[in-house]
Amino acid sequence: MTDTPEKVEEKASPQQSEPVKSKWDAEHPPLTIFYHWCKACNICIAFCPQKVFEPDRDGKPNMVRPEDCTQCAFCWLHCPDLAIVSNEK
Amino acid sequence: MSNQVKLLQGNEACVEGAVLAGVRFFAGYPITPSTEIAEGMARRLPRIGGRFIQMEDEIASMAAIIGASCAGSKSMTATSGPGFSLMQENLGYAYITETPCVVVDVQRGGPSTGLPTKISQSDTMQAAYGTHGDYYAIVLAPSSVEESLHLTVKAVNYSEMYRTPVIVLLDEVLGHMREKVVIPALDEIEVQERRRPAVPPDWYKHYAITATGVSAMASFGEGYRFNVTGLTHDELGFPTAVPREIKAMLDKLKDKVVKNADAIAEFESTEMDDDPKVAILSYGIVSRAAKQAVAMAREQRLKVGAIRPKTIWPLSESKVRDLLKPVRQLIVAELNQGQLINMVKQCIDRNHTELIPLQKYDGELITPSEILHKIKEVKHHAN
Amino acid sequence: MQTKSDIVHHYLRPKKKFPHVWCSGCGLGVILGSLIRSIDALQMPKDDIVVCSGIGCSSRLPVYIDFNTLHTTHGRAIAFATGVKFSNPRLKVIVVTGDGDCLAIGGNHFIHACRRNIDITVILVNNWIYGMTGGQFSPTTPTGKIGSTAPYGNIEQTFDPTKLAIAAGAAYVARSTVYHVDQLDKMIKGGLEKKGFSVVEVISNCHTYFGRLNKEGDAVEMLTWMKAHAMPIQAARKLPPEKMEGKFVTGLLHDEEKQEYCDRYAQLSEDLMKKTEARP
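Numbering of residues begins from 1 in every chain and follows the order in which that chain's sequence is written. Chains carry letters from A onward and ligands carry numbers from 1 onward, assigned in written order. The predicted origin of the model limits local features to residues at a pLDDT of at least 70 and limits the giving and counting of side-chain atom pairs to 80 or more, whereas totals for whole chains, interfaces and linings rest on all residues. In computing side-chain properties, one takes all heavy atoms of the structure into account and sets aside hydrogens as well as water.

1. Quick notes on the interface of chain C and chain A
Part 1: The interface of chain C with chain A comprises 33 residues on the first partner and 28 residues on the second.
Part 2: Accessible area that two parts lose when put together, evaluated with a 1.4 Å probe and summed over both, is termed the buried area. Across the chain C/chain A interface, buried area totals approximately 2500 Å², and carbon plus sulfur atoms make up 66% of it.
Part 3: The salt bridge criterion pairs a side-chain nitrogen of Lys or Arg with a carboxyl oxygen of Asp or Glu, the two atoms within 4 Å. Counting across the chain C and chain A interface gives 0 salt bridges.
Part 4: Two N or O atoms form a polar contact when they lie within 3.5 Å of each other; inside protein one atom must be a possible hydrogen donor and the other a possible acceptor, and for residues adjacent in sequence the pair counts only when both atoms belong to side chains. Connecting chain C to chain A are 8 residue pairs in polar contact (both at pLDDT 80 or more).
Part 5: Numbering goes from the N terminus for both helices and strands, where a helix is a DSSP run of H or I of at least four residues and a strand is a run of E of at least two. Sorting the residues of the side of chain C that touches chain A by element identifies helix H1 (27-42), helix H6 (181-193) and helix H8 (219-229) of chain C as the ones contributing at least two each.
Part 6: Under the scheme applied here, ten amino acids are nonpolar (Ala, Val, Leu, Ile, Met, Phe, Trp, Tyr, Cys and Pro), four are charged (Asp, Glu, Lys and Arg), and all others, including Gly, are polar. Residue composition of the side of chain C that touches chain A, by class: 17 nonpolar, 11 polar and 5 charged. In this analysis, two residues are considered to be in contact whenever any of their non-hydrogen atoms come within 4.5 Å of each other.

Have a look at this one:
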């Protein structure tokens, strides 16, 4: 994981023909969020390099583009409420 | 180790008592007239597997002995007026966290720098009321070099038994004068240890409410991972703002001392058996002059007695009233402008016993003849 | 299988109320996570770890973690920790303290603990303000900045706690921020592994007071500032001074082999006891 997420390169896959199917989707979310602990500080939403999150009406992160998550770990490393856990095993 | 007979200063006797009682951690800072205690500890402790550290100030010294006590050591510091004032905030921390430790205050002239090399008893009230908030102190006061040893042992024991800081009040004269001391063998003295937890870690409450008011105490590193905080806390040691829990904690600090006051408070009476109407109340070195004065008075067929508290706090109202049953005039002799007299006022029936101050605060001791003169003066007015 | 992301939750105290007490977006939550991951990396038993703190926002951290925790008086955590460590050197002793707690009222204890080089790791959370008491300026509030007690701008100079620590004798001194969390984990882990007095200054955001009073934005904006103004020491060494304008250096700033205080005393005590055994 690098600290400056903007430099996250696209993972070049050998067969360029069809896009690599992401492991994550709505049914298999990349992260688990403890909404009771989250204080809607907007850090994960603002800094996620893949813009996976959109704020819900409480300002808390909603995984609207789960498939774009690259498990870069920025969100859960920077979550002040310890409210995000990766589902990557 | 058979008994050794030594010629020691009061300060040195405190070191012997502390070591006998199991003190193995001392943190202090140089200040006349208590420095010999730190010096003694600096020599003794490393030889017996103990730890001595000279901290950067008295605030740090008080902090260090509390830290050491939390980590399982019996710990002590020693100071005098100015340092004792600096220690007050962390002393309050030891009270609220119920952490055993001993503070020896070798009194000198005050306030402020005052009379560094001269005697006074002007920290008497500070010893019991020095820091902020409601709390209940245990303050012991020896009157001889040998008793300095034994009351230091008792102070360490009380701190472990009641899980609280204990103050030992000496003064410049008692601290520096030399007297014969029989150093008891270890098996001749009673040494108390803090009550160990009787439950496994997950059920352990560092501040469990108990009948005696004293909770069992684990130490850091023993598998009982608990929280200690100066914030008002619940039985687990976590901060609380719940009124019921706040009151319960403060009642606990009170009950464990006040409910045991009769067991803690100790007095020495001289010539009180024939119920004299006039008596002298004094502590520490002054009580030696009082005893001498009583002897001189008795030679002149003046019926008078003397009472000496070994514990300045708690005084135990019931014991004081019993002692003062026959007494109509109580001369309170002390080296300040009236402190012990205020503490006694709260315990007695002043219609029954009149309090007569005999106060000296010029850096000199009260002499037996000065006390004798006061006795005669009081007796003259009485009849 | 524990992923790195949920190591933290295995060290939190279940009896404590979560979410924690700090403001939304406060850097202290990030530091809590970083400290726990660094401790976990040591693979030490929880029973042997003592975390002390003084008074202030940063000092509310230990109560949340399942170690021996000691929340002391304002500015005195390092003195308390000295007593814990020196009396029981087997314990790993950590202090979490703030810029006001450690450098103002606690300054005297800080420099003397550095001088003694006692094996304690200090996490010095520097958010340039007294947060708990409502935004007063502290010894690290930049000159000219506003605090509730410097309403017309702070006229005082600040000192650099890392330089202070190095000058006073600390063996290990590092700086990171709550944005550079990977680096922070490394710096804390290095401090914990170091035998001697180690200081990790962590630049943290107090947007509730410092950010608001000085119009430096919310948590996101303050983190963005940190990202833009931090310069790792390896890079900083190669840059000419004018390039370092407005930047602060992060990373491992000082790492020296020095004899540690408890070891020195234990050696002294051992020699003395051998001598007394020789002639009882």
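Read on, since the account is not over.
2. Notes on the packing of helix H1 (residues 10-21) of chain B against helix H6 (residues 145-162) of chain B
Residue and element names in this part refer to chain B.
Part 1: What counts as an axis is a line fitted to C-alpha atoms, over the stretch in contact for a helix, and the angles between N-to-C directions run from 0 to 180 degrees. Remark: H1 packs on H6, axes separated minimally by 7 Å, with the N-to-C direction vectors making an angle of 35°. For the crossing formed where H1 meets H6, the hand is right-handed. For the pair formed by H1 and H6, the contact residues are Gly10, Ala13, Cys14, Glu16, Gly17, Ala18, Leu20 and Ala21 on the first element and Val145, Ser148, Leu149, Thr152, Val153 and Val156 on the second.
Part 2: A per-class count over the contact of H1 with H6 returns 9 nonpolar, 4 polar and 1 charged. Two helices crossing with the near one rotated counterclockwise from the far one by less than a right angle form a left-handed crossing, whereas a clockwise rotation gives a right-handed crossing.

3. Considering the pairing of strand E2 (residues 68-71) of chain C
Part 1: Of the two faces of E2 of chain C, both are covered, the one formed by Asn68 and Leu70 of chain C as well as the one formed by Thr69 and His71 of chain C.
Part 2: As paired elements, strand E9 (residues 227-229) of chain B and E2 of chain C share 3 bridges and run parallel to each other. Residue pairing in the sheet places Asn227 of chain B in a bridge with Thr69 of chain C of E2 of chain C.
Part 3: Pairing between two strands requires that DSSP report at least two bridges joining them. Looking at chain direction, strand E1 (residues 49-53) of chain C and E2 of chain C are connected through 4 bridges and run parallel. Paired with Ser53 of chain C across the two strands is His71 of chain C, which belongs to E2 of chain C. Buried, partly exposed and exposed residues are distinguished by accessible area as a fraction of the type maximum, computed with a 1.4 Å probe on protein chains only: under 20%, between the cut-offs, and over 50%, respectively.

4. Concerning the sheet that holds strand E3 (residues 51-54) of chain B
Residue and element names in this part refer to chain B.
Part 1: A sheet is described by the order of its strands in space; here 7 strands give the open sequence E3-E2-E4-E5-E7-E6-E13, paired in mixed fashion. Strands at the two margins of the open sheet, each flanked by one partner only, are E3 and strand E13 (311-313).
Part 2: Bridge count for strand E6 (residues 139-140) against E13 is 2 bridges, and the pairing is antiparallel. Counterpart to Val139 in the pairing with E13 is Trp313.
Part 3: Along the sheet, helix H2 (residues 35-44) contacts strand E2 (23-28), E3, strand E4 (74-79) and strand E5 (101-107); its crossing angle with E2, the most-contacted strand, is approximately 130°.

5. Quick look at the domain arrangement of chain B
Residues and elements named next belong to chain B.
Part 1: Domain start and end points were adopted from an automatic or database domain assignment. When cut into domains, chain B gives domain 1 (4-188) and domain 2 (269-382).
Part 2: Tallying the contact residues gives 29 residues for domain 1 and 24 residues for domain 2.
Part 3: Around 2100 Å² of area is buried between domain 1 and domain 2 when both sides are counted, 56% of it from carbon and sulfur atoms.
Part 4: On inspection of domain 1 and its partner domain 2, the count reaches 4 salt bridges.

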